[in-house]
Structure formats: C-alpha cells, structure tokens
Amino acid sequence: MRARGASSPGGRTATRASARRRELAAAATLMTPFYVLLVTVFLIPVGTAVWLSFFSDDQPGLGFGPERTVFVGLRSYAAVLTDPTFLGSLGTVVLYCVIYIPLMVIGALALALLLDSGVVRLRSWAQLGLFLPHAVPGIIAALIWLYLYTPGISPVIELFAKADITIDFLGVHTVLPSIVNIALWSNLGYNMVIFYAALQAVPREVIEASVVDGAGPVRTALQVKTPLVSSSIVMVAMFTLIFALQLFTEPVLLSQSSPMINARFSPSMYIYDAAFTRNNYGLAAAASVILLILTVALSYGVTRWTNRANSAEEAAR
C-alpha cells in the first residue's frame with residue numbers, strides 16, 4: 001500500500017508541467033515588449049528597405065510620360081557597388097574606424113584604470129566631468145566644435161595665430177582627425193563609465209595578491225585588471241564600431257564650413273543624398289541594406305575572433 005500523504009507519479013508530473021507552463025507564461029510576458037520593439041523598429045524597417053531596393057521609378061518612352069514604379073531586381077545594388085563615390089565613402093569610414101576605435105577603447109580604459117587606482121582625487125567629480133560631454137546632444141556638440149574649428153571666430157585658432165602657428169582644422173589632411181576629436185569628446189566619458197563599472201566588479205583579493213607578489217601599479221593595471229574586463233573591452237569595441245559605421249551628424253554639420261566634406265562623405269550621407277536630394281529611394285534602400293550587411297558581418301567577425309581568442313587562452317591555461 002502507498003504511504004499516506006505520498007503523491008503519485010502522475011500527480012508530480014502534472015505539478016511539474018503546471019510549473020513549467022507558468023514559467024513559460026512569465027517568460028513570454030517579460031519578453032513580449034522586446035519582441036514588439038524588435039519587430040517594429042528593426043525587422044519592419046529592414047524588410048521595407050529590402051523591398052524598396054528591388055524597385056525604381058522609371059519614365060516610359062522618351063521620358064515625357066508619368067513615372068511608374070518598376071521591378072529592377074539587383075540593378076540598384078550593382079549601381080551602388082560600382083559607384084566610386086559610395087566606395088570612396090566606405091574608404092573614408094574605414095579610415096575613421098581605424099583612427100577612432102583604438103583611441104576610444106584605449107583612452108576610455110586608461111581613464112577608468114586611473115580612477116580605479118585611486119590616483120585621481122575627487123573621483124566622483126572627475127567621473128561627472130568626464131561624463132558630462134556625453135549628455136550634450138550630438139548636434140550641439142558638433143556645433144560647439146564647428147565654432148572652435150572655424151577661422152575668424154575660433155578663439156583656439158586665434159590663440160595658435162598669436163604663437164605663429166597656422167592650423168586649418170577643416171583642411172584636406174585634418175578634417176577627419178577633427179571629426180574623430182568630436183566623437184571622442186562626446187563618447188569617451190560614457191565608455192569610461194562602462195569600464196569603471198567592470199573594474200569595480202574585479203575581486204579585490206586578486207589585486208591584493210598581485211601587490212603581494214610585487215606587481216607595481218602599472219603591471220597590476222595591464223596584466224591583472226585589463227584581462228579581467230576583456231568582455232567589456234570587446235563590447236565597447238563592437239558598439240563603437242557599429243556607431244562609427246553610421247557616421248553622419250558631425251560631417252553633415254562640418255560640411256557647412258569645409259569644402260573637403262561633400263554630400264557623399266560617408267555611407268550614411270550617401271544614403272541621405274540618394275533619398276532626399278536625388279529622390280532615388282531604390283538606390284538609397286540598396287545602399288542601406290549593403291551598410292547593414294557590412295555592419296552585421298563586421299560585428300559577427302569581432303565576436304567570433306574574440307571567442308576564438310578566449311578559447312585559445314583557456315586552452316593554454
């Protein structure tokens with residue numbers, strides 16, 4: 001006979017199934033807002049861009065008839081990939097990434113390590129001062145630096161002139177570093193906060209052990225702390241890459257004062273020019289899809305390379 005109070009196997013199975021259903025229902029409720037946003041702000045726009053890229057507005061006959069939308073297949077993609085101005089904009093943004101991303105990651109990590117080491121006094125005020133530029137909207141930041149870069153009104157250029165130093169911040173060789181400077185000023189403090197938060201999670205026992213072993217502050221920072229926040233470094237590098245490929249606000253505003261920046265300076269500016277200046281929405285959509293594919297491929301490549309590096313490091317241990 002079954003002991004009194006003991007539940008049957010069927011009852012326990014039913015209880016587990018009920019608990020599983022409640023967990024799935026709770027998970028679905030919590031994930032619904034994410035999937036709604038994913039569909040509305042990402043999948044639908046991407047699908048619309050892909051659809052538009054296969055069509056174009058053509059005029060029949062000698063061009064005197066009304067425009068009509070016709071299916072052109074991959075013609076817009078071929079036009080984008082063979083356009084020297086689009087390829088030039090890709091080269092510009094690649095050079096921008098090569099300069100900007102290492103400076104951003106290394107600079108933000110160095111500032112976070114300084115704050116974590118205790119060398120900087122008034123740490124909270126230092127964090128606030130470094131983070132404040134990120135609170136300034138991108139357009140306002142670009143306008144501030146446009147004022148500082150413009151000859152005749154810039155106090156910085158006037159100060160250099162008094163020292164017999166002539167510098168054109170918007171010249172052919174300096175315009176890209178000037179854009180990098182604006183991006184660094186705006187985002188360095190934000191990424192520093194990310195690194196600093198990661199460093200706060202590093203066990204103090206590990207740092208104390210390295211000090212007992214004779215490691216100095218620099219060695220502790222480079223060989224102990226930095227490897228322990230490698231995941232944060234990869235995350236910052238990947239997000240910086242994604243945002244760098246979408247370069248738009250800074251060159252658009254600086255183009256008002258620099259002939260070195262044209263309407264197709266970056267891929268995003270090329271897309272804007274194709275859609276709203278040339279009214280070629282199929283071409284703009286094709287360029288958008290190409291930029292999306294490039295961004296996803298590079299992000300995937302960074303992730304795979306990082307996973308392989310971490311696997312190799314763990315195997316070596």
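In case you missed it, the structure is sitting above this.
Nothing here was measured: the structure is a model prediction, and the numbers come from that model.

Rules of the game
- Residues numbered from 1 in each chain as written.
- Predicted model: local features only at pLDDT ≥ 70, side-chain atom pairs only at ≥ 80, totals over all residues.
- Heavy atoms only, no water.
- Helix = DSSP H or I, 4+ residues; strand = E, 2+ residues; numbered from the N terminus.
- Buried < 20%, exposed > 50% of the residue type's maximum accessible area, 1.4 Å probe, protein only.
- Contact = heavy atoms within 4.5 Å.
- Areas by Shrake-Rupley, 256 points an atom, 1.4 Å probe, with all protein chains shown as cover.
- Axes fitted to C-alpha atoms, helices over the stretch in contact; angles between N-to-C directions.
- Parallel < 35°, antiparallel > 145°, perpendicular 65-115°, else oblique.
- Left-handed = near helix turned anticlockwise from the far one by under 90°.
- Phe/Tyr/Trp six-rings, centres within 6.5 Å; stacked < 30°, edge-to-face > 60°.
- Nonpolar A, V, L, I, M, F, W, Y, C, P; charged D, E, K, R; others polar.
- Patch = residues over 30% accessible without salt bridge, like charges linked within 9 Å, V, L, I, M, F, W, Y side chains within 5 Å.
- Salt bridge = Lys/Arg side-chain N within 4 Å of Asp/Glu carboxyl O.
- Core = buried A, V, L, I, M, F, W, Y, C linked by side-chain atoms within 4.5 Å.

*Asks:* Even after reading the chapter, I still don't get the overall build of the chain, so can you show me in this structure?
*Replies:* For the chain, the helix and strand inventory stands at 13 helices and 2 strands. When each of the 317 residues of the chain is scored for burial, the buried share is 32%. Here the analysis covers contacts within the chain between residues at least 6 apart in sequence; of these, 63% occur between residues at least 24 apart. Element-wise, carbon and sulfur atoms account for 68% of the exposed surface of the chain, whose accessible area totals about 19,500 Å².

*Asks:* In this structure, what is going on with the packing of helix α5 (residues 138–149) against helix α7 (residues 175–200)? I would like to understand it.
*Replies:* For any two helices packed against each other, one specifies the inter-axial angle together with the distance between the axes. Where α5 meets α7, the axes come as close as 10 Å, and the angle between the chain directions of the two elements is 135 degrees. With respect to each other, α5 and α7 are oriented oblique. You can see that α5 and α7 cross each other, and the crossing is right-handed. Residue-level contacts link Ala141, Ala142, Trp145 and Tyr149 of α5 to Ser178, Asn181, Ile182, Trp185 and Ser186 of α7.

*Asks:* So what exactly am I meant to see when it comes to the side chain of Lys225 here?
*Replies:* On the secondary structure map, Lys225 appears in helix α9 (residues 217–228). Taking relative accessible area as the criterion, Lys225 reaches 7% and is therefore assigned buried. With residues up to four places along the chain from it excluded, the contact list for Lys225 reads Leu113, Asp116, Ser117, Leu199, Ile207 and Thr220.

*Asks:* What exactly am I supposed to notice about the packing of aromatic side chains here?
*Replies:* In this description, an aromatic ring pair is defined by two values, namely the gap between the centres and the angle between the planes. By the definition in use, this model includes 12 aromatic pairs. The interplanar angle of 40 degrees and the centroid separation of 6.3 Å between the aromatic rings of Phe54 and Phe71 together place this pair among those described as tilted. One end of the pair, Phe54, is in the loop between α1 (9–53) and β1 (55–58); the other, Phe71, is in strand β2 (residues 68–71), with 17 residues separating them in the sequence. Given the relative accessible area of 24%, Phe54 is considered partly exposed.

*Asks:* Looking at this model, I keep getting lost on the packing of helix α4 (residues 123–135) against α7. Mind explaining?
*Replies:* Their axes nearest at 5 Å, the elements α4 and α7 cross at an angle of 135 degrees. With respect to α7, the axis of α4 lies oblique. Handedness of the α4/α7 crossing: left-handed. Residues Arg123, Gln127, Leu130, Phe131, Pro133 and His134 of α4 pack against Trp185, Ser186, Asn187, Gly189, Tyr190, Met192, Val193 and Tyr196 of α7. Grouping the constituent residues of the contact of α4 with α7 by class yields 8 nonpolar, 5 polar and 1 charged.

*Asks:* Could you clarify how one ought to interpret a nonpolar patch on the surface in this entry?
*Replies:* Together, Leu37, Val39, Val41, Phe42, Leu43 and Ile44 make up an exposed nonpolar region whose accessible area comes to about 540 Å². Take Ile44: it is sitting in helix α1.

*Asks:* So what exactly am I meant to see when it comes to the nonpolar core here?
*Replies:* Grouped burial of nonpolar side chains is what soluble globular proteins tend to show. One finds Tyr96, Tyr100, Ile179, Phe195 and Leu254 to be the most contacted residues of the largest nonpolar core, which totals 45 residues. At the level of elements, α3 (84–117), α5, α7 and α10 (230–245) are the ones that each hand at least two residues to this core. Once you skip the residues sitting within four places of it in the chain, Tyr100 turns out to touch Val180, Ala183, Leu184, Asn187, Thr240 and Ala244. Core analysis: the second largest hydrophobic core is formed by 16 residues, Ala275, Ala287, Val289 and Leu291 among them.

*Asks:* Any chance you could explain unusual backbone geometry here in plain terms?
*Replies:* The phi torsion of most residues other than glycine is negative, and most of the peptide bonds are trans. With a phi close to 60 degrees, Asp164 is a non-glycine residue in the positive phi region. By the element assignment, Asp164 lies in the loop between α6 (155–162) and α7.

*Asks:* Would you mind showing me how to read the pattern of salt bridges here?
*Replies:* Close approach of charged atoms allows side chains of opposite charge to pair. In this structure the tally under the stated criterion is 5 salt bridges. Across the pair Asp273 and Arg264 runs a salt bridge, and its minimum N-O distance is 3.1 Å. Relative accessible area serves as the criterion here: at 8%, Asp273 is assigned to the buried category. For Arg264, a relative accessible area of 26% corresponds to the partly exposed category. Here Asp273 and Arg278 are joined by a salt bridge, their closest N and O atoms 3.0 Å apart. A residue is classified by how much of its surface remains accessible, and Arg278, at 31% relative accessible area, is partly exposed. The network of salt bridges with shared partners includes Asp116, Arg204 and Lys225.

*Asks:* Hey, could you run me through the environment of Ile261 in this one?
*Replies:* On the secondary structure map, Ile261 appears in the loop between α11 (249–254) and α12 (267–276). Here Ile261 falls in the buried class, since its relative accessible area comes to 5%. Residues within four places of Ile261 in sequence aside, it is in contact with Val175, Ile179, Pro251, Leu254, Ser255 and Met269.

*Asks:* How do you make sense of the environment of Glu250 when you look at a structure like this?
*Replies:* Relative to the helices and strands, Glu250 resides in helix α11. Once the C-alpha coordinates of Glu250 and Ile179 are considered, the two residues, 71 residues apart in sequence, prove to be 6.3 Å apart. Not counting the four nearest positions on each side in its chain, Glu250 is found in contact with Ala142, Ile179 and Ile182.

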